[in-house]
Amino acid sequence: MKTKMYPIALLVISALSPSMLGQEGFRGGIVHGPKAGFNISVPEGWVVDNEAGANQELPCVLYPKGESWSSAKTVMYAKVASPQWEGVNAFVVWAIQGMKAKRGTPKEKIASGKTKDGHDYFINEYPATKTYSQWERVGYVQLPQGVAYIVLTSRDQASYQKDSGMLEKVLQTLVYVEPKSETASGQEYAHRYRQLLDQHAERQIEPLLTEWREKAPDDPDAWITSANYYFNQRQVMLSMKKPGPGDVTLTDKRTGKVGSISFEQDKPGMKRAADLLEEATTKFPDHLDIWCGLAFFYQESGDFDNELSKLKKMVAYTREHPAQLKWLKGEPLSKPADKFVPEKLHDYGSYYEKKENAEDDKRWYQIATLATEQYPNDPQGFKDAAGYWADIGEWQKARESFEKAHQLDPKSVVALIALGQISAEMKDFVSARKYYEEALKLEPNGHYAQEALRKLKKK
């Protein structure tokens, strides 16, 4: 059983992902990242909301007037890709690989055009499948040193057909925004690094990064940029073997033979990236983005034990030093540490939840347990633990965990609906009805609770 109200495509879990700002009540929103940002305007009949998607790290979300983020049949959200992705084509290939097992092959470049200030965009379509019920299309924009993308997602095909044109209207309002200024000590190195990337001058990049770390030892970006560079090194493998999960299909137009293109991580590069961030955690322990980035690297390399170890060390440090913690570009945390860190743990746990297999579910539960033990006053860890118990049919344990989450956050519609679902599984229809009714009091237009109550009336 999955407890999330909204499946979200392309929600890249990256510790080095950009911060974003939405502006509720305005006719537009702004999205900021460390290397790029953009403004968008809201189409007629829609609103932008900077609160409703915050729990999913989506402060810039859009939905039709008179509806809500959780109940609208079609919504949109805007993001800047994680800073290691500066080219739109590489980002899209990577994203499709990650979704392919569940989403199949998308319809690529069904539309294209230019943003308000002349940047190129194109749109991919991701129809619903047997394993994913949402109908979606995504607009991708190449920005200087960054990639913008806007996702439109609908609950059903009829809503998608009615609303899908809204995405292009938003893309046509997009205007590039200069990124926040880089730290003074590393500004010239950062500029030179980007130039070398654009020139594909690989032989000069590594000496530059080494010099940057030596000449600017107090600049965290020297270590972050270096680690990202080594992490992003990939080996491209061409083969005439049948494509496997995550591979790109390759067809010889002359012979019709089908092969594949696969991307394998460069293991020495991965180790070098991890070693650099390991060093950075000792030099800059108050930078949680570095701790999270290191955990992300281990996650991507399939090393769960090291990932969990780094998350535990990060939690231990933040609990001992809750003041003056930093995030991207050395900015203060956007929330108190006892709220910020549990949300990050939830992100890492969600990565394993989405794999939907027994071994990864156990990893999901281990991260949830870390959250409940270290942050017993935050509801998210209990929601995740409850989701794990529900997935394996331990209904009583699932209900106990969700009841704890509900006590900590009485206004959580997700927890109430989950309690209704679990109560129904336990044949406790009286409690199920009570929980669904409570959910509707908080969210009168909630589609799921309404439908669940109608089904209960038939029992």
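Because the structure is predicted, anything quoted here is derived from the model rather than measured.

The rules behind these values
Residues numbered from 1 in each chain as written. Predicted model: local features only at pLDDT ≥ 70, side-chain atom pairs only at ≥ 80, totals over all residues. Heavy atoms only, no water. Helix = DSSP H or I, 4+ residues; strand = E, 2+ residues; numbered from the N terminus. Buried < 20%, exposed > 50% of the residue type's maximum accessible area, 1.4 Å probe, protein only. Contact = heavy atoms within 4.5 Å. Areas by Shrake-Rupley, 256 points an atom, 1.4 Å probe, with all protein chains shown as cover. Pairing = 2+ DSSP bridges. Axes fitted to C-alpha atoms, helices over the stretch in contact; angles between N-to-C directions. Phe/Tyr/Trp six-rings, centres within 6.5 Å; stacked < 30°, edge-to-face > 60°. Lys NZ or Arg CZ within 6 Å of the ring centre and 35° of its normal. Core = buried A, V, L, I, M, F, W, Y, C linked by side-chain atoms within 4.5 Å. pLDDT = per-residue confidence, 0-100. Parallel < 35°, antiparallel > 145°, perpendicular 65-115°, else oblique. Nonpolar A, V, L, I, M, F, W, Y, C, P; charged D, E, K, R; others polar. Salt bridge = Lys/Arg side-chain N within 4 Å of Asp/Glu carboxyl O.

1. Re the overall build of the protein
So, step 1. A count of helices and strands for the protein gives 16 helices and 13 strands.
So, step 2. Split into buried and exposed, the 459 residues of the protein put 52% on the buried side.
So, step 3. Expressed as a percentage of contacts within the protein between residues at least 6 apart in sequence, the contacts between residues at least 24 apart total 58%.
So, step 4. Taken as a whole, the protein presents about 21,600 Å² of accessible surface, with 50% of it coming from carbon and sulfur.

2. Things to note about the sheet that holds strand β6 (residues 107–114)
So, step 1. The seven strands lie next to each other as β3-β4-β5-β9-β8-β7-β6, forming an open sheet whose pairing is antiparallel. Pairing within the sheet leaves two strands with one partner each, and these edge strands are β3 (46–49) and β6. Pairs of neighbouring strands in the sheet enclose a mean axial angle of 20°, with direction left out of account.
So, step 2. The sheet contact formed by strand β8 (residues 135–143) and strand β9 (residues 146–154) spans nine bridges and is antiparallel. Within β9, the position partnered with L143 by the bridge is G146.
So, step 3. The sheet strands contacting helix α1 (residues 88–103) are β6, β7 (120–126), β8 and β9, and the helix crosses β7 at an angle near 5°.

3. Focus on the packing of aromatic side chains
So, step 1. With the rule as written, the count across this model stands at 20 aromatic pairs.
So, step 2. Judged by centre distance (5.1 Å) and plane angle (40°), the ring pair of W85 and W94 falls under tilted.
So, step 3. Taken together, the aromatic side chains of W85, F91, W94, F122, Y140 and Y149 make up a single cluster linked through ring pairs.
So, step 4. Here the guanidinium or amino end of K109 rests over the ring plane of F122, the centre of that ring lying 4.9 Å away.
So, step 5. One Lys or Arg, K404, reaches over the ring of F382 and ends 5.9 Å from the middle of that ring.

4. Focus on the nonpolar core
One broad trend across soluble globular proteins is that nonpolar side chains are buried collectively.
So, step 1. Counting residues in each nonpolar core, the largest one holds 77 residues, and the members touching the most others are L288, F297, L311, L345, I367 and Y436.
So, step 2. In terms of residues, this core owes the most to one element, helix α8 (residues 288–300), which gives nine residues.
So, step 3. Those residues within four positions of L345 in sequence are excluded, and the remaining contacts are L311, V315, I367, L370, A371 and Y375.
So, step 4. Judged by nonpolar contacts, the second largest core, of 28 residues, contains F38, L62, M76 and I150.

5. Focus on the pairing of β9
So, step 1. Judged by how many residues are buried, β9 sits mostly within the fold: nine of nine residues are covered.
So, step 2. Side chains G146, A148, I150, L152 and S154 of β9 all project onto a buried face; the interleaved residues V147, Y149, V151 and T153 project onto the opposite face, where all are buried too.
So, step 3. Looking at chain direction, strand β5 (residues 74–80) and β9 are connected through seven bridges and run antiparallel. The residue bridging V80 from the neighbouring strand is A148, located in β9.
So, step 4. Here β8 folds back onto β9, and the loop between the two strands holds two residues, one of which, Q145, carries a positive phi near 60°.

6. Details of the environment of T225
So, step 1. Along the chain, the position of T225 falls in helix α6 (residues 220–231).
So, step 2. Residues T225 and Y193, spaced 32 residues apart in sequence, show a C-alpha to C-alpha distance of 8.9 Å.
So, step 3. Beyond its immediate chain neighbours, meaning those up to four positions away, T225 contacts Y193, L209 and W212.

7. Quick look at the confidence of the model for the protein
So, step 1. Here the protein averages 85 in pLDDT, while 85% of its residues score no lower than 70.
So, step 2. Scored below 50 in pLDDT, residues 1–26 shows 125 contacts in the model against residues more than four places distant or in partner chains.

8. What about the pairing of β8?
So, step 1. Among the nine residues in β8, eight count as buried, and that is most of the element.
So, step 2. Direction of pairing for β7 relative to β8: antiparallel, over a ladder of six bridges. Residue pairing across strands places Y121 opposite V141, the latter belonging to β8.

9. Overview of the packing of α8 against helix α10 (residues 337–353)
So, step 1. The N-to-C vectors of α8 and α10 enclose an angle of 10°; their axes lie 12 Å apart at closest approach. Here α8 is positioned roughly parallel relative to α10, judged by the angle of their axes. Only F340, V341, K344, Y348, Y351 and Y352 of α10 make contact with α8, whose side of the interface consists of L288, C292, G293, A295, F296, Q299 and E300.
So, step 2. When the residues that make up the contact of α8 with α10 are grouped by side-chain class, the tally is nine nonpolar, two polar and two charged.

10. Quick look at the pattern of salt bridges
So, step 1. Under the definition given, this model contains 15 salt bridges.
So, step 2. The shortest N-O distance in the salt bridge between K102 and E356 comes to 3.6 Å. Pair noted here: K102 is in helix α1 and E356 is in the loop between α10 and α11 (358–374), with a separation of 254 residues, a long-range link.
So, step 3. Take K102: its relative accessible area is 30%, and that puts it in the partly exposed class.

11. Looking at unusual backbone geometry
Excluding glycine, a negative phi dihedral is what most residues carry, and trans is how most peptide bonds are arranged.
So, step 1. Even without being glycine, H200 reaches a positive phi, approximately 55°.
So, step 2. Residue position: H200 is located in the loop between α4 (187–198) and α5 (202–215).
So, step 3. Judged by its relative accessible area of 60%, H200 is exposed.
So, step 4. For K427, which is not glycine, the phi dihedral falls at a positive 65°.
So, step 5. Mapped onto the secondary structure, K427 falls in the loop between α14 (413–425) and α15 (429–442).
So, step 6. K427 gets classed as exposed once you look at its relative accessible area, which sits at 62%.

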